[in-house]
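# Tertiary structure, described
These are the residues of each chain, in order.
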Amino acid sequence: MFLALRDLRRGVRRFLLLGVVIALVAVLSTVLSALATGLVTDGISGLRALPFDRLALQEGAEATFSRSTLRGDALDRFEGVDGVEATPLGASFVNAASTSGGPNLDLALFGVAPDSFLVTRDDARGALSGEPGLVLASELEDQGVSVGDRYAISGSDLVLPVLGFTFAGTYGHAPIAFTSLDTWQQINFGGDPDERFSAVALSGGSDDDLAGPASEAGVELYTKSEAYAGSPGFTAETTTMTLIQGFLLVISAVVIGAFLTVLTVQRTRQIGLLKAMGASTSYIARDALGQMAILVSVATLCGVALGAVLVTIVGSGDVPVELNPTGTLGVAVSMIVVGLIGSAAALPRIVKVDPVIALGVEQ
Amino acid sequence: MTVPARRSEATRGAGSPVLAIDRVRVAYPDGPDTRVILDDVDLSVTAGELVVLTGPSGAGKSTLLTVAGLLRRPDSGEVTVAGTPTAGLSQRQRTKVRRDHVAFVYQSANLLPSLTAIEQLELVGHIHGEKASGTTARARSLLERVDLAGRADQLPVELSGGERQRVGIARALMASPSLLIADEPTASLDPERAGAVVELISEVTRSEGLATIVVAHDAWAEMHVDRRLHLDRGRLSEVGPPAGAAAQRA
Ligand SMILES: Nc1ncnc2c1ncn2[C@@H]1O[C@H](COP(=O)(O)OP(=O)(O)OP(=O)(O)O)[C@@H](O)[C@H]1O
Ligand SMILES: [Mg+2]
């Protein structure tokens, strides 16, 4: 890249416009990636934080708790499997109206057996084992909810006290809340506390271990990340974000390809000269692609850095953005890769240049 | 000073020609017919020999140079460069022969705008895959040779036309060619500068033992050259050396 480096250094102005465009696309991609991560966190961080590996839901439920109702027999099938822990999980959305003047809450309410592996904190286990009540996501404490506040749960005649707070988390963009499985069943199925729940949460075991019991029980297995899809809005949000990011990548590939093509046409005579000097086509192509790689890398890194600063500033407000190192690195790498793919569009033009033009015969 | 030649003396020996063009024919389509530009042309140039080619505009002088320099394949005939017949070679092989044996000097110097004078020369070393350290030393001594040691770090826009052309000649020498091809190297220079360039080309032809073909007009009229050839209507004819050349050569 003897020529490419010197050309970049001495012709900075010619490359500035493209550099700025790439950097801006990188800024946008970084912010979008942070927004995608932020939306996921805002959507399903509560479910993600639960220490299960797989969920078993009723067949046809498509990862959606509200479409799944299981009974004890489903649980029994899994309890026999070696190395597998299984526990019932109830999940539903409820509205909780404060009877003590606090804020009303939309909650993603999980009913758990207090002594199950889903409850990891001793204080929460203790609280859920006693009188019926709610253990809430910690962010609600910041919103003015306190221990002892009482909440009337919509759709039932229960009024439950706040027993304590646990980790911050959401499901379906609603803060999570825990209650004992008994209480959850009472809220959802009223005075007839049938042994019904939404899913079996599983820990340990392999797909092979679990496939048999699952088909006997008539349930479908979901990995944790497959289960996110059941969170309202999750699929739509992630698909939209991925689509926009994909479009941005395509746009940068086209812009870079068009730029290098124009540059190659402008350099036709120079390329002819290099060929006349004995440079192989691959020497010239490496030079041109190397130059674009440097330009795109520098511009992308500047853009990503700027984007990260922007995310940090915006993230201190209410916008659900979250910088994710893997995602940000992915943005940088994919922009550079796409830049090279776009640049490759100019290669046929480099190949086509006839060294005869160096002597100026055909002009 | 003499720049150490990298090539074996064998290819430079006076006997076998560095360039041998044998019954070369080039025709261009001209409307419905074809126009024959080179009609079974023969030409051979040996090491240390300076050949000047003249002829009316459009006669095909540049075309002949592109054929000799392996930039263009003739429609028929054989071009042998430094002992290698090239008619049967692939494009890649021809490029390699050109890289190893042929260098060009152009009418407008044709320098790369983003490289300094010395980098123009270093680029040749880079294309040849040489180590950077040796390349820089050789480039520096060649610039000294064309009297431009003080201008090594100037970009082409900062050089005069004559200086650019001398950088172009130094760049050609950087390739350690056996065959030097120059197409009207003095056409865009005033007579005085042109004279200096003529002098330089003729001098390096002898000191480096190059086979040199120059397409030229006036500036070369009084110059001592080994052979003058005239191209017209597809035919090459010998003009004959000017009086006194033989004496000078001895
Ligand atoms: N690719 C081409 N296709 C068709 N005709 C061509 C092509 N290249 C050159 N010619 C024609 O061939 C003829 C010889 O061209 P060439 O450039 O070799 O002449 P020249 O002797 O160098 O002329 P000048 O002194 O003006 O430079 C010209 O008539 C030119 O128009
Ligand atoms: Mg010409």
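Just above sits the structure.
For the structure given in this document, a descriptive report is provided here. Bear in mind the structure is a predicted one, so any value in this text is a computation, not a measurement.

## Focus: the overall build of chain A
Scanning chain A from terminus to terminus reveals 13 helices and 10 strands. On C-alpha atoms alone, chain A measures out to a radius of gyration of 29 Å, which is more than a quarter above the 21 Å that the 2.2 N^0.38 rule sets for 363 residues. Dimensions of chain A, computed from C-alpha atoms along their principal axes, come out at roughly 95 × 50 × 30 Å. When each of the 363 residues of chain A is scored for burial, the buried share is 50%. Pairs at least 24 residues apart make up 79% of the contacts formed inside chain A by residues separated by at least 6 positions.

## Quick word on helix H7 (residues 207–217) of chain A
Residues and elements named next belong to chain A. Looking only at H7, the buried set comprises Leu210, Pro213 and Ala214. End-on view of H7: buried residues confined to an arc of 105 degrees, all on one side of the axis. Pointing more than 90 degrees away from the buried face of H7 are the exposed residues Asp208, Ser215 and Glu216. Phi turns positive, to about 70 degrees, at Gly218, one or two residues after H7.

## Section: the interface of chain A and chain B
Accessible area lost when the parts come together is the quantity often used to give the size of an interface. Chain A puts 25 residues into the contact, and the matching count from chain B is 28 residues. Across the interface of chain A and chain B, roughly 2300 Å² is buried in total on both sides, 66% from carbon and sulfur atoms. Ranking the residues of chain A by area buried against chain B places A:Phe2, A:Met277 and A:Leu359 at the top, with a combined share of 29%. Put simply, chain A and chain B have 2 salt bridges between them. A:Arg10 is paired through a salt bridge with B:Glu119; the nearest N and O atoms lie 2.7 Å apart. The interface formed by chain A and chain B contains 10 residue pairs in polar contact (both at pLDDT 80 or more). When contributions to the side of chain A that touches chain B are tallied by element, the ones reaching two or more residues are helix H1 (2–10) and helix H10 (268–276) of chain A. The residue inventory of the side of chain A that touches chain B, partitioned by class, reads 14 nonpolar, 3 polar and 8 charged.

## Some details on unusual backbone geometry
Trans peptide bonds make up the majority, and among non-glycine residues the majority have a negative phi. Residues and elements named next belong to chain B. Unusually for a residue other than glycine, Arg23 sits at a positive phi of about 50 degrees. By secondary structure assignment, the location of Arg23 is in strand S1 (residues 19–30). Within the chain, Arg233 stands out as a residue other than glycine whose phi angle is a positive 50 degrees. With respect to the helices and strands, Arg233 occurs in the loop between strand S9 (227–232) and strand S10 (235–238). The exposure class of Arg233 is exposed, given its relative accessible area of 74%.

## Examining the sheet that holds strand S5 (residues 84–85) of chain B
Across a sheet, paired strands are connected by hydrogen bonds in the backbone, their directions being either parallel or antiparallel. All names here are of chain B. Judged by pairing direction, the sheet is antiparallel, and its 4 strands sit side by side in the order S2-S1-S4-S5 without closing on themselves. At either end of the open sheet lies a strand with only one pairing partner, and these are strand S2 (33–45) and S5. Pairing geometry for S1 and strand S4 (residues 76–81), over 5 bridges, is antiparallel. Across the sheet, the residue bridging to Leu19 is Val81, located in S4.

The rules behind the values
All chains use their own residue numbering, which begins from 1 and follows the written sequence. Going through the entries in the order they are written, you letter the chains from A and number the ligands from 1. Predicted model: local features are reported for residues with pLDDT of at least 70 only, side-chain atom pairs are reported and counted for 80 or more only, and whole-chain, interface and lining totals are derived from all residues. Here the side-chain values reflect all heavy atoms present in the structure, with hydrogen atoms and water set aside. Put simply, DSSP marks the helices as runs of H or I at least four residues long and the strands as runs of E at least two long, and each gets a number from the N terminus on. Note that the radius of gyration is over C-alpha atoms, with the globule rule given as 2.2 Å times the number of residues to the power 0.38. To sort residues, take the accessible area from a 1.4 Å probe on protein chains only and compare it with the maximum for the residue type: under 20% means buried, over 50% means exposed, and anything in between is partly exposed. Between two residues, a contact is recorded if the distance between any of their heavy atoms is within 4.5 Å. Arc definition: it is the arc formed by the directions from the helix axis to the C-beta atoms. When two parts are brought into contact, each loses some accessible area as probed by a 1.4 Å sphere; the total of that loss over both is the buried area. By convention in these notes, a salt bridge is any Lys or Arg side-chain nitrogen within 4 Å of a carboxyl oxygen on Asp or Glu. Polar contacts here mean pairs of N or O atoms no more than 3.5 Å apart (in protein, one a potential hydrogen donor and the other a potential acceptor; neighbouring residues in sequence count only if both atoms are side-chain atoms). When residues are grouped by polarity, Ala, Val, Leu, Ile, Met, Phe, Trp, Tyr, Cys and Pro land in nonpolar, Asp, Glu, Lys and Arg in charged, and all others, Gly among them, in polar. A pair of strands is labelled paired if DSSP reports no fewer than 2 bridges between them.

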